[in-house]
Amino acid sequence: MKDIIILGIETSCDETSAAVVVNGKKVLSNVISSQIDIHKQYGGVVPEIASRKHVELIIPVIDQAIKDSGIDIKEIDAVGVTYGPGLVGALLVGLSAAKGLAFSMNKPLIGVHHIEGHISANYVEHEELKPPFVCLVASGGHSHIVLVQDYSKFKILGQTRDDAAGEAFDKIARAIGLGYPGGPLIDKAAKSGRKDAIAFPRVYFKDSLDFSFSGLKTAVLNYLNSQQQKGSTYSVEDVSASFQSAVVDVLVHNTIQAATDHGVDKVALAGGVASNSELRKSMKESAGEKGLKVYYPSPVLCTDNAAMIACAAYFEFLKGNVSSFDLNAEPGLKLAER
């Protein structure tokens, strides 16, 4: 059987990335140009700036990915690209580049859902992982519990009703003076703190696996304000550890509950928050108690990257799910629509 070589392109937020992946598993190249240092001074991603940087970087990044892969561009069988959800201006840059390449080479264009890409990152590193399984996708923009029924068939079991987990990390990190991006900084500070130092709330819904982190965020801000009003100091490490524990407890509980409810024996993590050390540790412990196996990608594949997009595109390609050249960016794209 001939190898299928996919060129993946990802520009949904503030990483410009291109990758070449063989058969959805073997990564020949995965070039990621991050804009973190640019947006750090603003405390978060500025969409207009992100879009302009994507325009500057997209062609050099694709060229580098082709060069690093060691293949000839003519060997590519299809071009996979994120078309949603994400920042509309950023998505359009990658989508336009992908269309141009696919059209010029007379190759199929495959639009990929960003969350499907994150889930697929697990296949890149864990060849033995096969559906069905439950995947927690947690990032700055998403908090989803997904039942992966097949490689291209998904059912959303739970999702955030307000802030995504990663967004809450960013906001609290900024409030306690750690800066941006919040996830890694809180994770680091929490290692020196006590997770039971402050009793922050955990929100669980009756008959629902949805998340809500806005109340937790408000509770942390109220604690900080009350300490300031009393003229008292607080431990950044203790706040970080207590806040992180509150987020992780809910993420783990709902994910394990989803796996138990649907009779699957595998749980996967995906998205930027999947790099969190406390989440990984707690998920493994809780899953082990239930006899479940846990999978998660290495940190570089938890961030937005094109290798995961190429992997997802490969499975769509096998099913004949190719896109027309009038494919448009869909910033609010729902996973179930595919």
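Here is what the cut-offs are and how they apply
Residues numbered from 1 in each chain as written. Predicted model: local features only at pLDDT ≥ 70, side-chain atom pairs only at ≥ 80, totals over all residues. Heavy atoms only, no water. Buried < 20%, exposed > 50% of the residue type's maximum accessible area, 1.4 Å probe, protein only. Helix = DSSP H or I, 4+ residues; strand = E, 2+ residues; numbered from the N terminus. Arc of directions from axis to C-beta. Contact = heavy atoms within 4.5 Å. Polar contact = N/O pair within 3.5 Å; in protein donor to acceptor, adjacent residues only side chain to side chain. Pairing = 2+ DSSP bridges. Axes fitted to C-alpha atoms, helices over the stretch in contact; angles between N-to-C directions. Core = buried A, V, L, I, M, F, W, Y, C linked by side-chain atoms within 4.5 Å. Phe/Tyr/Trp six-rings, centres within 6.5 Å; stacked < 30°, edge-to-face > 60°.

Our next topic: helix H6 (residues 182-190). Among the residues of H6, Gly-182, Ile-186, Asp-187, Ala-189 and Ala-190 are the ones counted as buried. Down the axis of H6, the smallest arc covering the buried residues is 170°, so these residues share one side. The outward face of H6, more than 90 degrees from its buried face, is lined by the exposed residues Pro-184 and Lys-188. For H6, the elements touching its buried residues are helix H5 (165-175), helix H8 (236-261) and helix H9 (277-289).

What follows deals with the side chain of Thr-16. Counting through the fold element by element, Thr-16 comes out in strand E2 (residues 15-22). For Thr-16, a relative accessible area of 0% translates into the label buried. Among the polar contacts listed, one links the side chain of Thr-16 to the side chain of His-54, at a separation of 2.7 Å. Apart from residues lying up to four places away in sequence, Thr-16 is in contact with Glu-10, Thr-11, Val-31, Ile-32, Ser-33, Gln-35, His-54, Leu-57, Ile-58 and Val-61.

With mixed pairing, five strands are arranged side by side in an open sheet as E8-E7-E6-E9-E10. The open sheet terminates on both sides in strands that have one partner only, identified here as strand E8 (153-159) and strand E10 (293-295). Direction aside, the axes of adjacent strands within the sheet are offset by 25° on average. Note that strand E9 (residues 266-270) and E10 share three bridges and pair parallel.

If you look at the biggest cluster of nonpolar residues, it comprises 43 residues, and the most contacted ones within it are Leu-136, Phe-243, Leu-251, Leu-279 and Met-283. The element contributing the most residues to this core is H8, with 11 residues. Sequence-distant contacts of Leu-251, defined by excluding residues within four places in its chain, comprise Leu-136, Ala-165, Phe-211, Phe-213, Val-273, Leu-279 and Met-283. Core analysis: the second largest hydrophobic core is formed by 35 residues, Ala-121, Val-124, Val-146 and Ala-306 among them.

Here we come to the packing of aromatic side chains. All told, the structure shown has nine aromatic pairs when counted by the stated rule. Measuring from ring centre to ring centre gives 5.3 Å for Tyr-123 and Phe-315, while their planes differ by 65°; the resulting arrangement is edge-to-face. Pair noted here: Tyr-123 is in helix H4 (residues 114-125) and Phe-315 is in helix H11 (residues 306-318), with a separation of 192 residues, a long-range link. You'll find Tyr-123 and Phe-315 in the same group, each marked buried.

By themselves, these are just geometric observations and shouldn't be taken as functional.
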